[in-house]
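Report on the structure
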Amino acid sequence: MVLELQKPRPIWYIMFSTHHTDIGLLYMILSLSALFMGGALALAIRLELFFPGAQIIADSMTFNRMFTVHGTTLIFLFILPFASGIGNYLVPIMIRYKDMAYPKLNAIAFWMIPPAFALVWLGFADFTWNAYAPYSVISAPGPAADMWIFGLKILGVSSILGAINFVVTILKCKHPDLPLSKAPLLAWSFLTSSLIILVAMPTFAAALLMLLTDRLGVSRFFDPAVGGDPIAYQHLFWFTFHPEVYVLVIPAIGFLYEIIPRFSRKPIFSHSSGVFAFVLLAIVSFASWAHHMYATGMSFTEKTVFMIGTLAAVPASAMHVFNFLATMWGGRIKFATPMMWAIGGIALFFSAGAGGVVNSAMPLDFISHDSYWVVGHFHLFVMGTIAFGSFGFLYYIFPYITGRMYSEKWGIAHFVLSFVGAVMVFFTQHVLGLYGMPRRVFDYPPIPEWIAMNQFITIGAMLLGIGAAIFLVNIIYSSAKGKPANMDDPWGLGGKYYYPYEAKNPHHSH
Amino acid sequence: MSGHSHWPEWIYIGVVVALLVWVGAEAWNLERLVEHVPEDAKVIKVTGQQWFWTFEHEDGTKEVGELHVKKGVPYKFEVTSTDVIHSFNIHDYVVLMDAVPGRINIVWFVPFDEGEFPIQCREYCGLIHYNMRGTLYVEDDA
Ligand code: HEM
Ligand SMILES: [Cu+2]
Ligand SMILES: [Cu+2]
């Protein structure tokens, strides 16, 4: 196996292993495959929108299926498994235990994902990643829709099992000498995001079953003709998925808490403020779900309550940003690839949050809702913050996993192309939304401003695509042929590398 | 907490909270005014279905895909759907309201400019969602 310079093993050793670093590796490989598959769909979507009229995609149904699978893949098969991969790798080491609390359960949680992946891709459903009723009940074509429902059901269970494992590992298996409050912030990020999953996920699990039985005709939960309510589905959906956006972003913030002090050669400005902000986010994340539903006909009072709940989550995120900047302040910063991603990620996180405040303000949301503004908003988070943090962390952990260095020059090229591309794509999408272009459309009227902005966005997306191609070549080539890394201090930062790489591959000692 | 001073963090949090309170208060106030439907508004029933809009005026006349209104007159839309969720949108007038089967949602406006304005669907509703479009014609009565 090329991935390990020190003690190479055949791939099936890794596949049948229950050791946390091996499962971590599997998660990362799966998630990166999903990144490239979902990313390819995005590029096709962008090419289609380069001109009005049909371009490269035959019909609107194919287009609708593509953006549905794009969103589903990147959220559930890239971002979440990538975070689980890093968590598996590092959390047991950080809390000083030999493995995750339940190694077999850990392997089961991982191996549930490939079948779900297959269901989502072989079905290729069209009802968007939200699967709103009643479209998803009475209109979405099967078996694609049913396969998506089963796929997501499996992913939900896998995510709950993974969360239980993280919570038990951190709370019960940590070394007695390590007080919880002093555990690294990356470990804290997994503790808080796992707790959110445990509270949030059940309502979506219920909603999926209700969709399924409604589709089978044995129930009518979302059918107004017999007293059902389609809006109930949206409440169940967003009660899970607004908190879930924090499940996506919290580990990425944890990644930044590792990278930034390291490359600023300074301790974190305030560990306790980081812990406090994580816990606060986990709690207030449950107070805002219906900000996605202002336009469904909610009363003024309901809207006001959810606006306040949404705004209440902002100070916690702002505390993290402060902590990052205060850590960098006066540090001897080394602008190596991981740090570049971290800095770019903070800048885009800040912009994304500012746009989120605009969405939360009720009257303004009636301008932005379901327009390209929203697409720009959440991509600044999912791409600009979460994927940026993940790329940065992948470069950071690369020598630890492979024993080799990636190419610094190409790592920076990947970053520069992605940063420029992300700004071109996602900022412009905000403006396009203000001009009124709805999201999820296969074609648009030939309004000159819309055409110009769509073309600019597509060019930006191509830069992101080129960056991703460079990234792929860099990691594959470097894991086989890269320069052997100085395992104690790969970037020459002084001091010791955080993680004892000897903790890997325990099977080799015998 | 560690030994260094924390007052910059408190000031920063204070500024952020102040900004949020300001945004929230302004939004609350504006939304309250915007939602107040004038007494004399004329009612137009809007029905979304895959994949077109139907409008019914107070006098019972119906239009499909086109909506003719008079400049300067307040209109109250009663929005609903017969199949899946759509979203009734006249972007130029910030009119946006979901058309939900089994519910009647209210939104209102006063057209103040003569001319033609696009009507579109902003909630994904399937095959022809991208082309579930119409036109608003604002005419001057005088
Ligand atoms: C922390 C990371 C965040 C992520 C990953 C994220 C993600 C998302 C996603 C995926 C959507 C669109 C959902 C859809 O309709 O498909 C969305 C919409 C929204 N977000 Fe965020 N968000 C984040 C933070 C925030 C923050 C901090 C705020 C407010 C301060 C916010 C406010 C909103 C609002 C109000 C909407 C609804 C917009 C609309 O549909 O009209 N978000 N977000
Ligand atoms: Cu949300
Ligand atoms: Cu539609």
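Residues numbered from 1 in each chain as written. Chains lettered and ligands numbered in written order. Predicted model: local features only at pLDDT ≥ 70, side-chain atom pairs only at ≥ 80, totals over all residues. Heavy atoms only, no water.

**Quick notes on the overall build of chain B**
- For chain B, the count of helices and strands is one helix and ten strands.
- In sequence order, the secondary structure elements of chain B are arranged as α-β-β-β-β-β-β-β-β-β-β.
- Computed over its C-alpha atoms, the radius of gyration of chain B comes to 21 Å, more than 25% above the 14 Å expected for a compact globule of 142 residues.
- Expressed along its principal axes, the backbone C-alpha trace of chain B runs to roughly 75 × 40 × 25 Å.
- Relative to all contacts within chain B whose residues are 6 or more apart in sequence, the contacts with residues 24 or more apart total 59%.
- Per element, the accessible surface of chain B, about 7,100 Å² overall, is 58% carbon and sulfur. (Helix = DSSP H or I, 4+ residues; strand = E, 2+ residues; numbered from the N terminus. Rg over C-alpha atoms; globule rule 2.2 N^0.38 Å. Contact = heavy atoms within 4.5 Å. Areas by Shrake-Rupley, 256 points an atom, 1.4 Å probe, with all protein chains shown as cover.)

**Quick look at the domain arrangement of chain B**
- Splitting chain B by domain gives domain 1 (1-36) and domain 2 (42-139).
- Taken over C-alpha atoms, the centre of domain 1 of chain B sits 36 Å from the centre of domain 2 of chain B. (Domains from an automatic or database assignment.)

**Thoughts on a nonpolar patch on the surface**
Residues and elements named next belong to chain A.
- Together, Ile-11, Trp-12, Tyr-13, Met-15, Phe-16 and Trp-111 make up a nonpolar patch on the protein surface, roughly 690 Å² of accessible area in all.
- Broken down by element, the residue count for the nonpolar patch peaks at four residues, all from helix α1 (residues 11-15).
- Position of Ile-11 relative to the elements: it lies in helix α1. (Patch = residues over 30% accessible without salt bridge, like charges linked within 9 Å, V, L, I, M, F, W, Y side chains within 5 Å. Salt bridge = Lys/Arg side-chain N within 4 Å of Asp/Glu carboxyl O.)

**Some points on the coordination of the copper ion (ligand 3)**
Residue and element names in this part refer to chain B.
- Cys-121 (SG), Glu-123 (O), Cys-125 (SG) and His-129 (ND1) make up the full set of protein donors to the copper ion (ligand 3), lying at 2.1 to 2.4 Å.
- Coordination at the copper ion (ligand 3) is tetrahedral, judged from the four donor atoms that bind it and the angles of 89 to 130° they form at the metal.
- Along the chain, the residues donating to the copper ion (ligand 3) are arranged with the sequence spacing C-x1-E-x1-C-x3-H. With respect to burial, Cys-121 and Cys-125 carry one shared label: buried. (Donors = N, O, S within 2.8 Å, 3.2 Å for Na, K, Ca; no water. Tetrahedral: all angles 85-135°; square planar, octahedral: opposite > 155°, others 65-115°. Buried < 20%, exposed > 50% of the residue type's maximum accessible area, 1.4 Å probe, protein only.)

**Structural notes on the coordination of the copper ion (ligand 2)**
Residues and elements named next belong to chain A.
- Distances from the copper ion (ligand 2) to its protein donors, His-242 (ND1), His-291 (NE2) and His-292 (NE2), fall at 1.9 to 2.0 Å.
- Of note, the donors binding the copper ion (ligand 2) are all from one chain and are spaced H-x48-H-H.
- Here the copper ion (ligand 2) and the iron atom of ligand 1 are spaced 4.5 Å apart. Within this pair, whereas His-242 is found in helix α9 (residues 230-264), its partner His-291 is found in the loop between α10 (271-284) and α11 (300-311), the two being separated by 49 residues in sequence.
- Overall, His-242 belongs to the buried group, its relative accessible area being 6%.
- Looking at His-291, the relative accessible area reads 14%, which means it is buried.

**Topic: the sheet that holds strand β6 (residues 86-90) of chain B**
Residues and elements named next belong to chain B.
- Taken in spatial order, the five strands line up as β4-β10-β9-β6-β7 in an open sheet, and their pairing is mixed. The two strands at the open ends of the sheet, each matched to only one other strand, are β4 (66-70) and β7 (95-99). If you compare each strand with its neighbour and ignore which way they point, the axes differ by 20° on average.
- When strand β9 (residues 115-121) meets strand β10 (residues 134-139), the two strands line up antiparallel, connected through five bridges. Among the inter-strand pairings, Glu-116 is bridged to a residue of β10, identified as Tyr-137. (Pairing = 2+ DSSP bridges. Axes fitted to C-alpha atoms, helices over the stretch in contact; angles between N-to-C directions.)

**Observations concerning the interface of chain B and chain A**
- Taken together, the 45 residues of chain B in the interface contact 59 residues of chain A.
- At the surface where chain B touches chain A, the tally comes to three salt bridges.
- The set of elements that each furnish at least two residues to the side of chain B that touches chain A consists of α1 (7-34), β7 and β9 of chain B.
- Element by element, the count of residues in the side of chain B that touches chain A is highest for α1 of chain B, at 14 residues.
- When the residues that make up the side of chain B that touches chain A are grouped by side-chain class, the tally is 23 nonpolar, twelve polar and ten charged. (Nonpolar A, V, L, I, M, F, W, Y, C, P; charged D, E, K, R; others polar.)

**As for the confidence of the model for chain B**
- When pLDDT is averaged across chain B, the result is 93; 96% of the residues are at 70 or more.
- Confidence metrics for the complex model read pTM 0.94 and ipTM 0.94. (pLDDT = per-residue confidence, 0-100.)

**Overview of the nonpolar core**
- Trp-148, Phe-204 and Tyr-233 of chain A together with Phe-77, Phe-88 and Leu-136 of chain B are the most contacted members of the largest nonpolar core, which totals 212 residues.
- Broken down by element, this core gets its largest block of residues, 20 residues, from helix α3 (residues 60-94) of chain A.
- Both domains that furnish three or more residues to this core are identified here as domain 1 (1-36) and domain 2 (42-139) of chain B.
- Those residues within four positions of Tyr-233 of chain A in sequence are excluded, and the remaining contacts are Asn-130, Ala-131, Tyr-132, Ala-133, Phe-204, Ala-207, Leu-211 and Phe-222 of chain A. (Core = buried A, V, L, I, M, F, W, Y, C linked by side-chain atoms within 4.5 Å.)

**Observations concerning the pattern of salt bridges**
All names here are of chain A.
- Going through the model one piece at a time under the given rule, you end up with seven salt bridges over all chains.
- Ionic pairing is found between Arg-215 and Asp-146, a salt bridge with its closest N-O pair at 2.9 Å. With Arg-215 in helix α8 (residues 185-216) and Asp-146 in helix α7 (residues 144-172), the pair connects residues that are 69 residues apart, well separated along the chain.
- Residue Arg-220 pairs with Asp-223 through a salt bridge whose shortest N-O separation is 3.1 Å.
- Assessed through its relative accessible area of 22%, Asp-223 is described here as partly exposed.

**Quick word on the site of ligand 1**
All names here are of chain A.
- As a structural note, the neighbourhood of ligand 1 is formed by 22 residues, with Trp-129, Asp-365, His-369, His-377 and Arg-439 the closest of them.
- Asp-365 places a side-chain nitrogen or oxygen 2.5 Å from an oxygen atom of ligand 1.
- Here an oxygen atom of ligand 1 and a side-chain polar atom of Arg-439 are 2.8 Å apart.
- Counting only elements with at least two residues in the shell around ligand 1, the list comes to α9, α13 (337-360) and α15 (372-402).
- Here the residues of the shell around ligand 1 sort into ten nonpolar, nine polar and three charged. (Near = heavy atom within 4 Å. Polar contact = N/O pair within 3.5 Å; in protein donor to acceptor, adjacent residues only side chain to side chain.)

**Some details on the environment of Asn-29 of chain B**
- In this structure, Asn-29 of chain B sits in helix α1.
- At a separation of 2.5 Å, a polar atom in the side chain of Asn-29 of chain B contacts the side chain of Arg-32 of chain B.

**Notes on a negative patch on the surface**
Residues and elements named next belong to chain B.
- Taken together, the side chains of Asp-113, Glu-114, Asp-140 and Asp-141 present a region of like negative charge at the surface.
- Take Asp-113: it is sitting in the loop between β8 (105-109) and β9.
- You can call Asp-113 partly exposed: its relative accessible area is 41%. (Lys, Arg positive; Asp, Glu negative; His and termini not counted. Charge placed at Lys NZ, Arg CZ, Asp CG, Glu CD.)

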